[in-house]
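Structure at a glance
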Amino acid sequence: MKKRQKKNGGSPMDPLRQSPSRSSSRASSPRTLPCEMLGYVGIEAVLDQLKIKAMKMGFEFNIMVVGQSGLGKSTMVNTLFKSKMWKSTMPGLGVPTPQTLQLQSVTHVIEESGVKLKLTVTDTPGFGDQINNDKCWDPILGYINEQYEHYLQEEILITRQRHIPDTRVHCCVYFVPPTGHWLRPLDIEFLQRLCRTVNVVPVIARADSLTIEEREAFRHRIQENLKTHGIEVYPQKCFDEDINDKILNSKIRERIPFAVVGADREHIVNGRCVLGRKTKWGIIEVENMAHCEFPLLRDLLIRSHLQDLKDITHNVHYENYRIFRLNESHVLPRGPGWVNLAPAPASVPAPAGPQANPSPPKVGGWAKDNSDEEC
Amino acid sequence: MEAEANSGSPEDSWAFIQRPGEGCRTVPLAGHVGFDSLPDQLVNQSISQGFCFNILCVGETGLGKSTLMDTLFNTKFEGEPATHTQPGVQLQSNTYDLQESNVGLKLTIVSTVGFGDQINKEDSYRPIVEFIDAQFEAYLQEELKIRRLLHNYHDSRIHACLYFIAPTGHSLKSLDLVTMKKLDSKVNVIPIIAKSDAISKSELTKFKIKITSELVSNGVQIYQFPMDDEAVAEVNGTMNAHLPFAVIGSTEELKIGNKMVKVRQYPWGTVQVENEAHCDFVKLREMLIRVNMEDLREQTHSRHYELYRRCKLEEMGFKDTDPDSKPFSLQETYEAKRNEFLGELQKKEEEMRQMFVQRVKEKEAELKEAEKELHEKFDRLKKLHQDEKKKLEDKKKSLDDEVNAFKQRKTAAELLQSQGSQAGGSQTLKRDKEKKKTREEKSISDGTCTTPGKHPVVPCALVVCAV
């Protein structure tokens, strides 16, 4: 039974729509004729329907903070979400630094103006703390891949759930210690491996120890480092959809990495109650753009790009993982929930996975020169 | 309706946020964080992606399907009215790009051509069901691919099926019942009474009641507007009571009062399409587009498509748990099937290769045979040639021998002659001559005479010996 399609070769897509992007360049869609509507029909009511449905379902967001101890990760999370997610750990108070890297996850539900957000924060105490930090990124990669694995397992079931619980890490905030010089080898190694699996946002931690000039110089050097080593941090240039996105994201990219200060104590400044750090020479206000760039980070992560982070995780990183997994499932760092999908061959190479390849498989815009990896 | 969804818990709203036993606590916020812009972010994403909506219109020819679509979307879609002489039911699909403020909608309208026109209508529903299945299949294939582009994929699955009922005023036709029964598990079926200006109001209420009771008694599950969301529950509830909608479609406009209204003009009066007292068109538009479009799409994806996927995958032989009730990965069986398929391919390849080798061998043998024959012929000819040569050589040899013998005799004779001329003179000469003669005679009579020239001795014939 043939479906007769009348392909009207009319004018291309309505000029009001955005320029060809990854979403409107649908390869399989038929050529369509734009139609003039003579009156109000009410199609835009679908936006409200979407909103209502989304508010009813709620949102999920999973964030991971990585960095050496003492850089203020837990404080930063508390400041970002204005609530006591973690108990800020005080160094040297009888809590020994863990000998191995352990990942701790904590989940909270926060609500604001009717919007419910289920937030999962994963901390990595012990990262980079040992004497020999070789392969310290493996547990982290394993954890991230394990989340992808769970989602994949749920997705390929015959009887699937209506809504698959999403525990995949949407964003990884990497804390760079404020040395003022360059990125350390550990940072570079870690960022190289991670930026291919997850969205990474590097920040300069404890930026109150740098003056403004030092901060700018440090930022430039870090940007140069990132460019030299080919590390693409969020927002990635290749996923810019159209000119508006490009402009917006270029502005953000100029300021990456943000120099942030975290604080969860309030002080009175000029009669206002602000979050800040009190020192002998003044109070550093966290939300003051002149003092630190915390508002930029907060806006990026929460107010403007949260959905984008999730979309890129779902459409790009997860798809890459899925492709790799379905093709060569034996070469991935394994988390505890790992299930062997394909029979492992006799000789298993070192678990380096996609991170070791110079141009790993990517979907939608990144280098397409890896047809040899297809099975 | 929701309860039939696969593993959807009753409190769907918080179903996944607060999973029982997970122990996530709600944390109070000390200030404004800003994630209340999340729905807006989501909406912006959807806007940039655009929306997709596919309607299937099923109904007999001449019930006003195209007119209704035109009226519903306030535009003139291209198309010609179909004739009644179609040999079978065919589906015609057209896609249009509609834009309203900043929302872009890709609307696909699929219409049945020739439905209900045949004499034997037993198989009329089949092309429709196959079409719907084909759309699901395409989506399933895309989803199962290794390298897939789901977020770019143009979703062609049918979101709503408008079933046009002829306004007889009595009851549903059996064709309608059969078709709707086949379609209700595959697509959201919304029955509507077409051309309802042919029925009076009192008849209409009776007709509607009759239709609903027939549908219920036959177990046809038509689409019920969702009632779980407080915002729209009330509206949807009242609308549900008015199903099936009695609609009129028209694109002609008339100025009534100070507005242009869509109407149908009769000598006895004018029917206004958008007048709620005249027909249910406004309700249909409200329900279909303004209130429930998203829900229709979601139902198609999460109920109908999942059902299709489950059936299809089970048919292909996959299970979720194997007989030992260990969680069985779909991918493992997929891998096994793929290996099987590859094995088959390899086997075929081997077969072909072997056949090829065999053919080559045969050809080679043939050529060798031919070559051998040629050689034999060559040998034979060579042999023949050699034989002849030998014969000739023998002949030559014998002639040579004769020459030699003659020469010897000649020298011997000359010697004797010289001796004879010295001593006995003529006697020996005579004797010699006689001897010679007898010898000559002998040789001549033998035939082995090698002396050239005439021999005068032999009386009978003149023998000329030539060498």
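Residues numbered from 1 in each chain as written. Chains lettered and ligands numbered in written order. Predicted model: local features only at pLDDT ≥ 70, side-chain atom pairs only at ≥ 80, totals over all residues. Heavy atoms only, no water.

The name given to chain B in an unreviewed UniProt entry is Septin, and the organism recorded there is Monodon monoceros. Within the UniProt record for chain B, the comment given under Subunit (unreviewed entry) is "Septins polymerize into heterooligomeric protein complexes that form filaments." UniProt's Function (unreviewed entry) comment on chain B is quoted here verbatim: "Filament-forming cytoskeletal GTPase." (UniProt positions renumbered as here; feature names shortened; annotations may be inferred.)

Looking at an unreviewed UniProt entry, chain A carries the name Septin, with the source organism given as Monodon monoceros. As recorded by UniProt, the Subunit (unreviewed entry) comment attached to chain A reads in full: "Septins polymerize into heterooligomeric protein complexes that form filaments." For chain A, the Function (unreviewed entry) comment in UniProt is given as "Filament-forming cytoskeletal GTPase."

Attention now moves to the overall build of chain B. If you tally the helices and strands in chain B, you get 10 helices and 12 strands. Counting the 467 residues in chain B, one finds 42% classified as buried. Pairs at least 24 apart in sequence give 65% of the contacts found in chain B among residues at least 6 apart. Counting only carbon and sulfur atoms, one obtains 54% of the accessible surface of chain B, whose full area is about 26,700 Å². (Helix = DSSP H or I, 4+ residues; strand = E, 2+ residues; numbered from the N terminus. Buried < 20%, exposed > 50% of the residue type's maximum accessible area, 1.4 Å probe, protein only. Contact = heavy atoms within 4.5 Å. Areas by Shrake-Rupley, 256 points an atom, 1.4 Å probe, with all protein chains shown as cover.)

Residues and elements named next belong to chain A. Taken N-terminus to C-terminus, the directions of helix H3 (residues 138-155) and helix H8 (residues 306-327) make an angle of 80°; their axes are 10 Å apart at the nearest point. One element, H3, and the other, H8, form an angle in the roughly perpendicular class. Between H3, through Asn145, Tyr148, Glu149, Tyr151, Leu152 and Glu155, and H8, the contact on the second element is made entirely by Thr313, His314, His317, Tyr318, Tyr321, Arg322 and Arg325. In terms of residue class, the contact of H3 with H8 is built from five nonpolar, four polar and four charged. (Axes fitted to C-alpha atoms, helices over the stretch in contact; angles between N-to-C directions. Parallel < 35°, antiparallel > 145°, perpendicular 65-115°, else oblique. Nonpolar A, V, L, I, M, F, W, Y, C, P; charged D, E, K, R; others polar.)

Residues and elements named next belong to chain B. Most of strand S2 (residues 51-58) sits inside the fold, with eight of its eight residues counted as buried. With burial as the criterion, each face of S2 is covered, one bearing Phe51, Phe53, Ile55 and Cys57 and the other bearing Cys52, Asn54, Leu56 and Val58. Direction of pairing for S2 relative to strand S4 (residues 103-113): parallel, over a ladder of seven bridges. By the bridge assignment for S4, Phe51 is matched with Leu105. Bridge count for S2 against strand S5 (residues 160-165) is four bridges, and the pairing is parallel. (Pairing = 2+ DSSP bridges.)

Tallied over the entire structure, the rule returns 37 salt bridges over all chains. Residue Arg157(B) is joined to Asp155(B) by a salt bridge in which the shortest nitrogen-to-oxygen separation is 2.8 Å. For Asp155(B), a relative accessible area of 14% gives the class buried. Sharing partners across several salt bridges, the network here consists of Lys53(A), Arg162(A), Glu294(B), Arg297(B) and Glu298(B). (Salt bridge = Lys/Arg side-chain N within 4 Å of Asp/Glu carboxyl O.)

Here we take up the packing of helix H3 (residues 125-144) of chain B against helix H8 (residues 293-315) of chain B. All names here are of chain B. Here H3 crosses H8 at 80°, and the two axes come no closer than 10 Å. For the element pair H3 / H8, the angle class is roughly perpendicular. The residues of H8 that touch H3, namely those facing Asp133, Phe136, Glu137, Tyr139, Leu140, Glu143 and Leu144, are Thr300, His301, His304, Tyr305, Tyr308, Arg309, Lys312 and Leu313. Grouping the constituent residues of the contact of H3 with H8 by class yields seven nonpolar, three polar and five charged.

Before going further, it helps to spend a moment on the side chain of Asn225(A). All names here are of chain A. Mapped onto the elements of the fold, Asn225 is located in helix H5 (residues 212-228). Judged by relative accessible area, which is 12%, Asn225 ranks as buried. Here Leu183 takes part through its backbone nitrogen, which lies 3.2 Å from a polar atom of the side chain of Asn225. The residues contacting Asn225, other than those within four sequence positions of it, are Trp182 and Leu183. (Polar contact = N/O pair within 3.5 Å; in protein donor to acceptor, adjacent residues only side chain to side chain.)

With that settled, the discussion passes to helix H2 (residues 73-81) of chain A. Residues and elements named next belong to chain A. In terms of burial, H2 is largely enclosed, as nine of its nine residues are buried. Buried residues of H2: Lys73, Ser74, Thr75, Met76, Val77, Asn78, Thr79, Leu80 and Phe81, and no others. On its buried face, H2 sits against strand S3 (59-66), strand S4 (104-112), strand S5 (115-123), strand S6 (171-176), strand S10 (272-279) and helix H7 (294-304). Looking one or two residues beyond H2, the residue adopting positive phi is Lys82, at roughly 50°.

Here we have seven strands laid out as an open sheet, ordered S8(A)-S7(A)-S6(A)-S3(A)-S5(A)-S4(A)-S1(B), and mixed in their pairing. Each end of this open sheet is capped by a strand with a single partner; those strands are strand S8 (258-259) of chain A together with strand S1 (25-26) of chain B. Pairing analysis gives seven bridges linking S3(A) to S5(A), with the strands arranged parallel. Its bridge partner being in S5(A), Asn62(A) is matched across the sheet by Thr120(A). Packing of H3(A) onto the sheet brings it into contact with S3, S4 and S5 of chain A, and relative to S3(A) it is tilted by some 170°.

Moving on to the confidence of the model for chain B. All names here are of chain B. Confidence in the prediction of chain B, expressed as mean pLDDT, is 80, and 81% of residues score 70 or more. Per-element averaging of pLDDT across chain B places strand S12 (residues 464-465) at the bottom with 48 and S5 at the top with 92. Ignoring residues within four places in sequence, the model shows residues 458-467, a span with pLDDT below 50, making 16 contacts including any to other chains. Interface confidence in the predicted complex, given as ipTM, is 0.72; pTM for the same model is 0.68. (pLDDT = per-residue confidence, 0-100.)

What follows concerns unusual backbone geometry. Residues Tyr234(A) and Pro235(A) are joined by a peptide bond in cis, for which omega reads -5°. Following Leu243(B), the chain continues into Pro244(B) via a peptide bond in cis, with omega recorded as -10°. Inspection of the secondary structure puts Pro244(B) in the loop between helix H6 (230-242) and strand S7 (245-246). A positive phi angle is found at Ser101(B), which is not glycine, with a value near 45°. Along the chain, Ser101(B) turns up in the loop between strand S3 (90-100) and S4.

A word on helix H7 (residues 281-291) of chain B. In terms of residue burial, H7(B) counts as a mostly covered element, since nine of its 11 residues are buried. Residues of H7(B) that are buried: Phe281(B), Val282(B), Lys283(B), Leu284(B), Arg285(B), Met287(B), Leu288(B), Ile289(B) and Val291(B).

Regular strands place side chains that alternate from one sheet face to the opposite one. Residue and element names in this part refer to chain A. Sheet analysis places strand S9 (residues 266-269) next to S10, joined by four bridges and oriented antiparallel. Residue pairing in the sheet places Ile268 in a bridge with Cys273 of S10. When S10 meets strand S11 (residues 282-285), the two strands line up antiparallel, connected through four bridges. Bridge pairing in S11 links Arg277 to Ile284. Here S10 hands over to S11 after two residues, the two strands then running antiparallel side by side.

What follows concerns the packing of aromatic side chains. The full count for this structure, using the stated rule, is 14 aromatic pairs over all chains. Ring centres of Phe127(A) and Phe190(A) lie 4.8 Å apart, and the angle between their planes is 65°; on these two criteria the pair is classed as edge-to-face. A residue pair is termed long-range when its members are at least 10 positions apart, and Phe127(A) in the loop between S5 and H3 and Phe190(A) in helix H4 (residues 185-194) qualify at 63 residues. Exposure remark for Phe190(A): the relative accessible area of 0% places this residue in the buried category. Ring geometry for Tyr151(A) against Tyr318(A): centres 5.0 Å apart, planes inclined by 85°, an arrangement best described as edge-to-face. A residue pair is termed long-range when its members are at least 10 positions apart, and Tyr151(A) in helix H3 and Tyr318(A) in helix H8 qualify at 167 residues. In this structure, Tyr151(A) and Tyr318(A) share a single accessibility class: buried. A connected cluster of aromatic rings, assembled from ring pairs, spans Phe136(B), Tyr139(B), Tyr153(B), Tyr305(B) and Tyr308(B). Positioned over the ring face of Tyr151(A) is Arg168(A), at 3.7 Å from the centre of the ring. (Phe/Tyr/Trp six-rings, centres within 6.5 Å; stacked < 30°, edge-to-face > 60°. Lys NZ or Arg CZ within 6 Å of the ring centre and 35° of its normal.)

Once that is clear, we can look at a nonpolar patch on the surface. Residue and element names in this part refer to chain B. A cluster of nonpolar side chains, contributed by Phe341, Leu342 and Leu345, occupies part of the molecular surface with about 290 Å² of accessible area. Along the chain, Leu345 falls in helix H9 (residues 330-422). Taking relative accessible area as the criterion, Leu345 reaches 43% and is therefore assigned partly exposed. (Patch = residues over 30% accessible without salt bridge, like charges linked within 9 Å, V, L, I, M, F, W, Y side chains within 5 Å.)

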